[in-house]
Amino acid sequence: MEQFLTIQQMDEAAAYIRERISVQPQVAIILGSGLGGLAEMVEEATVIPFHEIPYWVTSSIEGHKNRLVIGLLEGTPVLVMQGRIHYYEGHRMDEVTFPVRVMQRLGIQTLVVTNAAGAIDPAYQPGDVMLITDHLSLIGMTGNNPLRGPNVAELGERFPDMSQAYDREYAEIARQVARKEGIQLHEGIYICLSGPSFETPADLRFLRLIGANAVGMSTVPEVIVAHHGGTRVLGFSGVSNKANLDGSTITTHEEVLQAGELIVPKLITLIRGFLRAL
């Protein structure tokens, strides 16, 4: 019989974290590939490696430090995930989204998700930032929805509505911060594929045809689980490479990490501004 992580295991992980921190986190932030720099700005930080937390798996991907950083950012108690777990690494969906469940059991009600994404929209340039207004869960549509399996009513309802998975009030705050700080902020739809291979030009043309603006291999499972559990979500994609619609360029993970150097200062400004507004 197929196994799924239980609410008791979530609570065990949450208790382990709670015993080691001196503040109650109000906002959680998940940092994607090459975007870990924000965690270095957390004050009065407690650092917990992923491997120490019960049932919490670690990522094998370069650019993910595999640790929680818990402390203060703009005076707000935050829990920052410096790195994330991916489905393509061989983990089950409930393992990929387990950190979000633990955040919910810790009482966190706001989640900021970030990722490094490939451009589908030809107007996007490496280093740009996109506010995620909606997503296409291609990975979920093909059978890997993170809510598959027994539903625990205490966590959320069996058939949650996903029409506003990304909080509209939070999105407006992000727009205001971007305008005030002079940051160009695209808005668009993020699509999640399973990975780990990058997309072919034909893939990208298809994804553009169905309405996606940026593509990656994460985020959507976490957002689905967050929304299922009543967590409000703000999402950003950092554009790591131009749209390769004609096959004229080659995409590499090194390129993704390098683009992070341009993206991180913008994300830091946007997220710190968002926290101040909260």
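As a reminder, the structure under discussion sits directly above these lines.
Because the structure is a prediction, the values reported are computed rather than measured.

Enquirer: How would you sum up the packing of aromatic side chains? Please name residues and give values.
Expert: Using the criterion set out here, one finds 3 aromatic pairs in the structure. Note on Phe 50 and Trp 56: the rings are 5.4 Å apart at their centroids and 35° apart in plane angle, and the pair reads as tilted. Neither Phe 50 nor Trp 56 differs from the other in exposure class; each is buried. Judged by centre distance (4.9 Å) and plane angle (75°), the ring pair of Tyr 170 and Phe 274 falls under edge-to-face. You can see Tyr 170 sitting in helix 5 (residues 168-181) and its partner Phe 274 sitting in helix 8 (residues 253-277), a full 104 residues away along the chain. Classification of Tyr 170 as buried rests on a relative accessible area of 4%. Put simply, the rings of Phe 50, Trp 56 and Phe 98 touch in pairs and so form one group of aromatic residues. Residue placement shows Arg 20 over the ring face of Tyr 16; its charged tip is 3.5 Å from the ring centre.

Enquirer: Can you lay out helix 8 for me, pointing to particular residues and giving the numbers?
Expert: Taking 1.5 Å per residue, 25 residues should reach 36 Å; helix 8 reaches 34 Å between its end C-alpha atoms and fits that length. Along its length, helix 8 shows its largest kink, about 45°, at Leu 262, and proline Pro 265 lies within four residues downstream of that point.

Enquirer: Can you explain a nonpolar patch on the surface? Please cite residues and give values.
Expert: Judged by side-chain polarity, Phe 206, Leu 209 and Ile 210 come together as a nonpolar surface patch covering roughly 320 Å² of accessible area. Along the chain, the position of Ile 210 falls in the loop between helix 6 (201-209) and strand 8 (214-216). Its relative accessible area of 36% is what places Ile 210 among the partly exposed residues.

Enquirer: Pulling in residues and values, what's your account of the pattern of salt bridges?
Expert: Counting across every chain of the model gives 16 salt bridges. The shortest N-O distance in the salt bridge between Arg 175 and Glu 187 comes to 2.6 Å. Of this pair, Arg 175 sits in helix 5 while Glu 187 sits in strand 7 (residues 185-192), and the two are 12 residues apart along the sequence. The partly exposed category is assigned to Glu 187, whose relative accessible area is 37%. Notably, a salt bridge pairs Glu 181 with Arg 276, separated by 3.9 Å at the nearest N-O pair. Pair noted here: Glu 181 is in helix 5 and Arg 276 is in helix 8, with a separation of 95 residues, a long-range link.

Enquirer: I'd like to hear about empty space enclosed by the protein, residue by residue, with values.
Expert: Within this structure, the stated rule accounts for 3 cavities of 30 Å³ or more. Estimates place the volume of the largest cavity at around 60 Å³. Contributing to the lining of the largest cavity are Ile 85, His 86, Tyr 87, Val 96, Ile 139, Cys 192, Leu 193, Met 217, Ser 218, Thr 219, Pro 221 and Glu 222. Of the residues assigned to the lining of the largest cavity, the class counts are 8 nonpolar, 3 polar and 1 charged. What the second largest cavity holds in volume is close to 40 Å³. As for the second largest cavity, its lining consists of Ile 21, Ser 22, Val 23, Glu 43, Glu 44, Thr 46, Ile 70, Gly 71 and Leu 72. Elements supplying a minimum of two residues to the lining of the second largest cavity: strand 2 (43-49) and strand 3 (67-73). Tallied by class, the residues present in the lining of the second largest cavity amount to 4 nonpolar, 3 polar and 2 charged.

Enquirer: Go over the environment of Gly 238, please, and point to the residues and values.
Expert: Its location among the elements puts Gly 238 in strand 9 (residues 232-241). Residues Gly 238 and Leu 267, spaced 29 residues apart in sequence, show a C-alpha to C-alpha distance of 8.1 Å. Discounting chain neighbours no more than four positions away, the residues touching Gly 238 are Asn 115, Ala 116, Ala 117, Asp 128 and Ile 263.

Enquirer: Provide a residue-level description of the side chain of Asn 213, including the pertinent values.
Expert: By the secondary structure assignment, Asn 213 is in the loop between helix 6 and strand 8. Within the structure, the side chain of Asn 213 is placed 2.8 Å from the backbone nitrogen of Ile 189, a separation counted as a polar contact.

Enquirer: Break down the nonpolar core for me, with residues and values.
Expert: Inside soluble globular proteins, nonpolar side chains tend to come together where they are buried. Grouped together as the largest cluster of nonpolar side chains are 50 residues, with contacts concentrated most on Ile 17, Trp 56 and Leu 68. The biggest single contributor to this core is helix 1 (residues 7-18), with 6 residues. Membership of the second largest hydrophobic core comes to 33 residues, among which are Leu 38, Leu 73, Val 80 and Leu 234.

Cut-offs and rules
- Residues numbered from 1 in each chain as written.
- Predicted model: local features only at pLDDT ≥ 70, side-chain atom pairs only at ≥ 80, totals over all residues.
- Heavy atoms only, no water.
- Phe/Tyr/Trp six-rings, centres within 6.5 Å; stacked < 30°, edge-to-face > 60°.
- Buried < 20%, exposed > 50% of the residue type's maximum accessible area, 1.4 Å probe, protein only.
- Helix = DSSP H or I, 4+ residues; strand = E, 2+ residues; numbered from the N terminus.
- Lys NZ or Arg CZ within 6 Å of the ring centre and 35° of its normal.
- Expected span 1.5 Å × (residues − 1).
- Bend = angle between axes of the 7 residues up to and from the residue.
- Patch = residues over 30% accessible without salt bridge, like charges linked within 9 Å, V, L, I, M, F, W, Y side chains within 5 Å.
- Areas by Shrake-Rupley, 256 points an atom, 1.4 Å probe, with all protein chains shown as cover.
- Salt bridge = Lys/Arg side-chain N within 4 Å of Asp/Glu carboxyl O.
- 1 Å grid on protein atoms, 1.4 Å probe; cavity = no way out; pocket = protein on both sides within 12 Å on 5 of 7 lines; lining within 4 Å.
- Points joined across faces, edges and corners; volume = space filled by probe spheres on them.
- Nonpolar A, V, L, I, M, F, W, Y, C, P; charged D, E, K, R; others polar.
- Contact = heavy atoms within 4.5 Å.
- Polar contact = N/O pair within 3.5 Å; in protein donor to acceptor, adjacent residues only side chain to side chain.
- Core = buried A, V, L, I, M, F, W, Y, C linked by side-chain atoms within 4.5 Å.

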